[in-house]
Amino acid sequence: MRIQNTLRIALRAIQRNKIRSALTMLGVIIGVASVIAMIALGSGARASIDQQIQAQGTNVIFVSSGSFGRPGGGAVRGGAGSVTTLTLDDAKAISEVRGVTRMSPMVRGRAQVIAGDQNWNTSVEGGNEDYLAIRNWALASGANFTPRDVLVAEKVCLLGDTVVRNLFPDQDPVGQVIRVKNLPFRVLGVLVPKGQGQFGQDQDDLIIAPYTTIQKKLLGITYIQQVYLSADNSDDVERVAVDITRLMRQRHRITNPEEDDFTVRTVEEMAATRVQMANTMTGLLMSVASVSLLVGGIGIMNIMLVSVTERTREIGLRMAVGARTRDILRQFLAEAVSLSVVGGVAGIALGVLVSQGMTWKLGWPTMITSTSILVAFAFAGAVGVFFGYYPARKAANLDPIEALRYE
Amino acid sequence: MSTAPVSGEPLIRVVDLRKSYVLGDVTVHALRGVDMEIGAGSFVAIVGASGSGKSTFMNILGLLDRPSGGRYFLEGQDVSGFDRDRRAILRNRKIGFVFQNFNLLPRTSALENVELPLLYDGHARSGEDRHRKALGLLQAVGLGERAHHTPNQLSGGQQQRVAIARALVNDPEILLADEPTGNLDSRTSVEIMEILQRLNREKRITIILITHEHDIAEYGQRVVAFRDGRVVSDRAVESRRDAAAELAALPALQEEAAV
């Protein structure tokens, strides 16, 4: 029998039991819609991570003191940042590694900052004049501090947007003086807002000052906590990171990698961890969504079995007038696939709506890709074939005489 | 589409036809060796009580079932060993069925019911072609006006006429009618028999009529009686009934008289 006729018969059978068909499709609709929404959520999360990496620069490398590695050998180990063995000399040596274009030492603390009658507790980060460039951070107004400021530990600073809004609600802070732990700092510039960070933290709640100033005047330390580096191109990051690790082990006379007192990480590495997290999450949600699609498929199988039983005489008659095994098989398979495909299309539409609703109402990033639509569509079709095959087979294998006599 | 019959071969020839079923522990012998020839263009009535084997015989002749023993030659070709699909193709091309309970598809127009066999004959033709052919046959059985009625909008006699139109749509050689008048009143029965006699006479379609009513059997040229799976008598009908003449003699009734 020709395909158009097969389809026509299938669609007519579906129309004949409108409510039953609609309820059967509902299972597939919900399944497909949740698959679409979950993929959209996953792609959205990945896209926003990618965007943040782009913003940070893909060629950034961090060297931190302390180790994230697994503890071993029984030695007492501090976490990253708790070790005081990372020095300015290390930083300078690292900047000599081939492929490193910029380097900034980094120290960090928290302090109460005061301006006029306003005060605010914020993070204070210290870097050198290249710090902003490495972090791909621009100034909204004012100017960066100079190498000389760093050299002489000048009490100057740059303000993040949140700090500006809290200390200078209606004033231009550039040129003003704020007090950090009771030391006067002159405000040189204001940073452009970066918004929420990777974990929802406020990236603009900070002030940046020369690291020398923070070391001497605020924290009273001589070591540094981190070194920020940028490599000349992002393809080279891996190699540069390996070279730095080798150099640091040499400098710190470490033979066993388990005893590293430093950690080298790249932005890409960090992003990879988070992409993996996002993927795990998406996978989890997807499997829940797939279960509902599976249940939808079972619904189709159930209704097709009922339909085959109800139409036993029709099947017998079709066989008597010349329908072959494959004609009957195709007819019922087409019916099951039509149910699942029509349900799939409706489910895709619903899934797109739900995804947009999540973005709109909950602010979660979602992204509908053509791949996800194709995958969902193919999945729906496959569910129809898989769950429709058994009932169709049953119909096709009926004995025509018994089927004709069936009451 | 029919292949030329082997010269001298009757349309249907069965040799020592046997059929047995296993029902639980018992083996039921429904046919115990039947030999018969049916020539092209004949009108044979097969009679017998229920359980006589006449339905089994018809199922085998109609290629709905396979014999357990013996041979069945259709146009000289041994079809007793044909598998499901080859039998389906032959049924589609050579055999039209008319059943006691009409077996029309519910909620489907008369026209589409008649078209049904055309869907399975392997020819690519347009919907219009199918409609035209089906409509022509409905007109031939006097139902041209009711082509778009569904079975529940038609009387029993009208439904059976739709079923006859359906049986004819693929120009079969054989029309197998299984108790076609079993669910109809006597007047409508005569009308149906008139159509069958006319088809036999004008189109030379071989008619095999299964019935348990002896007076209905006498519309045929030949009556074969079955009992316990065997043929017990096979005789020509001496005074054959003529349905057209009987209808003319009946007082004109409803619109159905205009067949």
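Residues numbered from 1 in each chain as written. Chains lettered and ligands numbered in written order. Predicted model: local features only at pLDDT ≥ 70, side-chain atom pairs only at ≥ 80, totals over all residues. Heavy atoms only, no water.

1. Some details on the sheet that holds strand E5 (residues 77-78) of chain B
Residues and elements named next belong to chain B.
Working step 1: The four strands are arranged E2-E1-E4-E5 in an open sheet whose pairing can be described as antiparallel. Each edge of the open sheet is held by one strand with a lone partner, namely strand E2 (26-38) and E5.
Working step 2: The sheet contacts of helix H1 (residues 54-61) involve strand E1 (12-23), E2 and strand E4 (69-74), and relative to E1 the element is tilted by about 120 degrees. (Pairing = 2+ DSSP bridges. Helix = DSSP H or I, 4+ residues; strand = E, 2+ residues; numbered from the N terminus. Contact = heavy atoms within 4.5 Å. Axes fitted to C-alpha atoms, helices over the stretch in contact; angles between N-to-C directions.)

2. A word on the domain arrangement of chain A
Working step 1: Domains assigned within chain A are domain 1 (3-52 + 275-405) and domain 2 (105-223).
Working step 2: Summarising the inter-unit geometry, the C-alpha centres of domain 1 of chain A and domain 2 of chain A are found 57 Å apart. (Domains from an automatic or database assignment.)

3. Some remarks on the interface of chain B and chain A
Working step 1: Taken together, the contact pairs 26 residues of chain B with 27 residues of chain A.
Working step 2: Overall, the association of chain B and chain A removes approximately 2,500 Å² of surface from exposure, summing both partners, and the carbon and sulfur fraction of that is 51%.
Working step 3: For chain B, the biggest contributors to the area lost against chain A are Arg84, Leu119 and Tyr120 of chain B; these three give 27% of the whole.
Working step 4: Along the contact surface separating chain B from chain A lie two salt bridges.
Working step 5: In this structure, the salt-bridge partner of Glu112 of chain B is Arg12 of chain A, at a minimum N-O distance of 2.3 Å. (Buried area = accessible area lost by both parts, 1.4 Å probe. Salt bridge = Lys/Arg side-chain N within 4 Å of Asp/Glu carboxyl O.)

4. Details of helix H6 (residues 186-202) of chain B
Residue and element names in this part refer to chain B.
Working step 1: Compared with the 24 Å implied by 1.5 Å per residue over 17 residues, the 24 Å span of H6 between its first and last C-alpha is a close match.
Working step 2: Of all 17 residues in H6, 14 are buried; the element is thus mostly enclosed.
Working step 3: The N-cap residue of H6 is Asp185: its side-chain oxygen and the backbone nitrogen of Arg187 are 3.2 Å apart.
Working step 4: Positive backbone phi, at 60 degrees, marks Arg204, one or two positions downstream of H6. (Expected span 1.5 Å × (residues − 1). Buried < 20%, exposed > 50% of the residue type's maximum accessible area, 1.4 Å probe, protein only. Polar contact = N/O pair within 3.5 Å; in protein donor to acceptor, adjacent residues only side chain to side chain.)

5. Observations regarding the sheet that holds strand E9 (residues 222-227) of chain B
All names here are of chain B.
Working step 1: Pairing is mixed across the open sheet formed by six strands, whose spatial order is E6-E7-E8-E3-E9-E10. The two strands at the open ends of the sheet, each matched to only one other strand, are strand E6 (95-98) and strand E10 (230-236). The sheet shows a mean angle of 20 degrees between the axes of neighbouring strands, direction not considered.
Working step 2: Relative to strand E8 (residues 206-211), strand E3 (residues 43-47) runs parallel, the two sharing five bridges. Looking across to E8, one finds that Phe43 is bridged to Ile207.
Working step 3: Helix H2 (residues 84-94) contacts E6 and strand E7 (174-178) of the sheet and is inclined by roughly 80 degrees relative to E6.

6. Quick word on the packing of helix H11 (residues 325-362) of chain A against helix H12 (residues 370-396) of chain A
All names here are of chain A.
Working step 1: In the contact formed by H11 and H12, the axes pass within 7 Å of each other and the chain directions differ by 150 degrees. In this view, H11 runs roughly antiparallel relative to H12, as classed from their interaxial angle. Regarding H11 and H12, the two cross each other, and that crossing is right-handed.
Working step 2: Taken together, the residues of the contact of H11 with H12 break down into 18 nonpolar, six polar and one charged. (Parallel < 35°, antiparallel > 145°, perpendicular 65-115°, else oblique. Left-handed = near helix turned anticlockwise from the far one by under 90°. Nonpolar A, V, L, I, M, F, W, Y, C, P; charged D, E, K, R; others polar.)

7. Considering the side chain of Asp149 of chain A
Residue and element names in this part refer to chain A.
Working step 1: Relative to the helices and strands, Asp149 is located in helix H5 (residues 147-151).
Working step 2: Buried and unpaired, Asp149 has no salt bridge, with Arg148 as the nearest side chain of opposite charge at 4.2 Å.
Working step 3: A polar contact of 2.9 Å, which involves the side chain of Asp149, links it to the backbone nitrogen of Thr146.
Working step 4: Not counting the four nearest positions on each side in its chain, Asp149 is found in contact with Glu154, Val156, Leu188, Pro210 and Thr212. (Lys, Arg positive; Asp, Glu negative; His and termini not counted.)

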